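What follows is each chain in one-letter form.
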Amino acid sequence: MEILTYWESNRKGFDLVKGWVLRWLHTGDRQMRFGNRRNILIHLTIAACAALAGGMAWGQSFPIPGKPIRIIVPTSVGGGNDFIARTVAKKLGESMNVSVVVENRPGASTTIASDHVAKSAPDGHTILFNGPPLVQVASLYKKLPFDPLKDFIPLTDVIRTPLWFVVSSAKVPVKTLAEFSELAKSKGRADSYASVGAGTSLHLFGHGLNEAAKLNMLHVPYKGGAPAMVALVGGEVSSIFIDYATIKPFLADGKVRMLAVTGTKRSPLTPEVPTLSELGFSGFEAYGWGALFLPARTPNDIVAKLYSEVQKVLQQPDMIASMNNMAFEMGGTPQAEFTTLVRTDHDKWARLIKASGVSLD
């Protein structure tokens, strides 16, 4: 069986050698057959080397032995994105028996991480974990060093989630969104809301609430959910739209309070928290997602292998329990369907961003 596997992986190289041998043995050219053996041997040697080199290139296994798989995260250590990526990395490493590491590259509305992956070798060893910001930036910047739709292969979504609107209990002593609005109006630009970067969903939802409730809060971007929450608890900002995983560590001691949630229905984890739609605000029905992307031109067999392995991970009971415990709905959308979703979100956010007038140029 090993011989057959070796033959299949090196077939193109062996075919090259075979062509030279047949030409030598069967040609009617006497000079080729008998009078130029030195040159023929040189060519056969070159062909044999090509066969070996070809075997390494064409028969290269995935994953490459000794080479870790990197999942690039566009936010800082801590927070929802980092938690999800590290959970997936651990499970994927166990399933594939390979080292899978998480590398955080925060900043510039997630474009630093995305650009790095777009320009990485398409060998399956560099994966991007990102969400709607990957496609939102196309409408926020006039020029990008990558194309969100052309330079990536969407693999699948890992999770879907609403976002909670949260306030600092110490800085904002209110219990409802109506009370918050009245207080924020009285403070104007002295009040502020945080995000994990300009142009991200958190920024756009905050901007949307500013517009819908006729507030005038200042936007303050951070490089991740964890530093944004520290700023919120410390009173640097008064509010934020954020995922449950990032909020959870701060709930027990009452340092933050959830006033509303995005999406079309209340979350089972926080049934007491109303949706923004219930409170009379439209345009907040969207859900966030966290997904895996590969560089364009990654070979189909590697894409298929990673898709299969990720699906196995997402179906593990403890993985499902871990994500559900953080109010994340499991993803695993088929690749073709998820690719369509990414393109649909690209167009949807383009319309919303144009209407909002938000630009990062």
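Per chain, residue numbering runs from 1 following the sequence as it is written. Totals for whole chains, interfaces and linings use every residue, but because this is a predicted model, local features are given only for residues with pLDDT of at least 70 and side-chain atom pairs only at 80 or more, for both listing and counting. Excluded from the side-chain calculation are hydrogens and water; included are all heavy atoms of the structure.

Caption draft 1: Molecular detail of the overall build of the chain. Counting from the N terminus, the helices are the DSSP runs of H or I reaching at least four residues and the strands are the DSSP runs of E reaching at least two. Scanning the chain for helices and strands turns up 14 helices and 11 strands. Think of it in three bands: with a 1.4 Å probe and only protein chains considered, a residue is buried below 20% of the maximum accessible area for its type, exposed above 50%, and partly exposed in between. When each of the 361 residues of the chain is scored for burial, the buried share is 49%. The long-range share in the chain, meaning contacts at least 24 apart out of those at least 6 apart in sequence, stands at 75%. Using a 1.4 Å probe, the Shrake-Rupley method yields the accessible areas, and only the shown protein chains count as cover for residues. Approximately 17,100 Å² of the chain is accessible, and the part contributed by carbon and sulfur atoms is 58%. We call two residues contacting when some pair of their heavy atoms lies within 4.5 Å.

Caption draft 2: View of the pattern of salt bridges. Think of a salt bridge as a Lys or Arg side-chain nitrogen and an Asp or Glu carboxyl oxygen that are within 4 Å of each other. Using the criterion set out here, one finds 15 salt bridges in the structure. Close ionic contact of K90 with E94 constitutes a salt bridge, the shortest N to O distance being 2.8 Å. One end of the pair, K90, and the other, E94, are both in helix α5 (residues 80-96), four residues apart, so they sit about a helical turn from each other. As far as the burial class goes, K90 and E94 line up, both exposed. As a salt-bridge pair, D115 and K119 come within 2.4 Å of each other at their nearest N and O atoms. Connected through salt bridges with shared partners, the residues R70, E103 and R105 form a single ionic network.

Caption draft 3: Broad picture of empty space enclosed by the protein. Of the grid points, spaced at 1 Å and generated over the protein atoms alone, those admitting a 1.4 Å probe that cannot get out make up cavities, while open sets with protein on both sides within 12 Å along at least five of seven lines make up pockets; any residue with an atom within 4 Å of a point is treated as lining. Grid points are joined across faces, edges and corners, and a volume is the space filled by probe spheres set on the points. All told, the structure shown has one cavity of 30 Å³ or more when counted by the stated rule. Taken as a whole, the largest cavity spans an internal volume of roughly 350 Å³. Around the largest cavity sit 27 residues that line it, and N81, L163, V196, L202 and D243 are the ones nearest its centre. For the lining of the largest cavity, the elements supplying multiple residues, two or more each, are α5, β4 (152-161), α9 (201-212) and β10 (288-295). Charged means Asp, Glu, Lys or Arg here, nonpolar means Ala, Val, Leu, Ile, Met, Phe, Trp, Tyr, Cys or Pro, and polar covers whatever is left, Gly included. By residue class, the composition of the lining of the largest cavity is 11 nonpolar, 15 polar and one charged.

Caption draft 4: Here's a closer look at the sheet that holds strand β6 (residues 192-195). Strands were regarded as paired on the criterion that DSSP finds at least two bridges between them. Taken in spatial order, the five strands of this open sheet run β7-β6-β8-β5-β9, and their pairing is mixed. Edge positions in the open sheet fall to β7 (218-221) and β9 (256-261), since each of these has one partner strand only. With direction set aside, neighbouring strand axes in the sheet form an average angle of 30°. Here strand β5 (residues 164-168) runs beside strand β8 (residues 239-242); their pairing, made up of four bridges, is antiparallel. Note that in β8 the partner of F165 across the bridge is F241. Helix axes are fitted to C-alpha atoms over the stretch in contact, other axes to C-alpha atoms as well, and angles between N-to-C directions run from 0 to 180 degrees.

Caption draft 5: Up close: α5. Take the number of residues in a helix, subtract one, and multiply by 1.5 Å to get its expected span. Here α5 spans 24 Å end to end across 17 residues, near enough to the 24 Å set by a 1.5 Å rise per residue. One or two steps after α5, the chain reaches N97, where phi turns positive at roughly 55°.

Caption draft 6: Highlighting the confidence of the model for the chain. Of the residues in the chain, 83% have a pLDDT of 70 or more, and the chain-wide mean is 85. On a range of 0 to 100, pLDDT expresses the predictor's confidence in each residue. Under a pLDDT of 50 for its full length, residues 20-35 has, in the predicted model, 17 contacts with residues more than four places off or in other chains. Confidence drops under pLDDT 50 across residues 47-59; counting only partners more than four residues distant or on other chains, this segment forms 19 contacts.

Caption draft 7: Quick look at the packing of aromatic side chains. Stacked, edge-to-face and tilted are the three classes for Phe, Tyr and Trp ring pairs, Trp counted by its six-membered ring, which pair at centre distances within 6.5 Å; planes under 30 degrees apart are stacked, over 60 edge-to-face, the rest tilted. All chains considered together, the criterion is met by 12 aromatic pairs. Summarising the aromatic geometry, the rings of W164 and Y244 are spaced 5.5 Å apart at their centres and angled 55° between planes, so their arrangement reads as tilted. With W164 in strand β5 and Y244 in helix α11 (residues 244-247), this residue pair connects regions lying 80 residues apart in the sequence. Here W164 matches Y244 in class, with each residue buried. Centroid distance F205 to W349: 6.2 Å. Interplanar angle 70°. Geometry classified as edge-to-face. Remark: W349 occurs in helix α14 (residues 335-356) and F205 occurs in helix α9; sequence separation between them is 144 residues. Side by side, F205 and W349 carry an identical accessibility label, which is buried. An aromatic cluster is built from F165, F180, F205, F241, F284 and W349, whose rings are joined through pairwise contacts.

Caption draft 8: Region of the structure containing the layout of surface pockets. For the largest pocket, the calculated volume is near 290 Å³. Lining the largest pocket are 15 residues, and of these L204, G208, G283, W349 and L352 lie nearest its centre. Per-element tally for the lining of the largest pocket: the top contributor is α14, with six residues. Residues that form the lining of the largest pocket fall into these classes: nine nonpolar, five polar and one charged.

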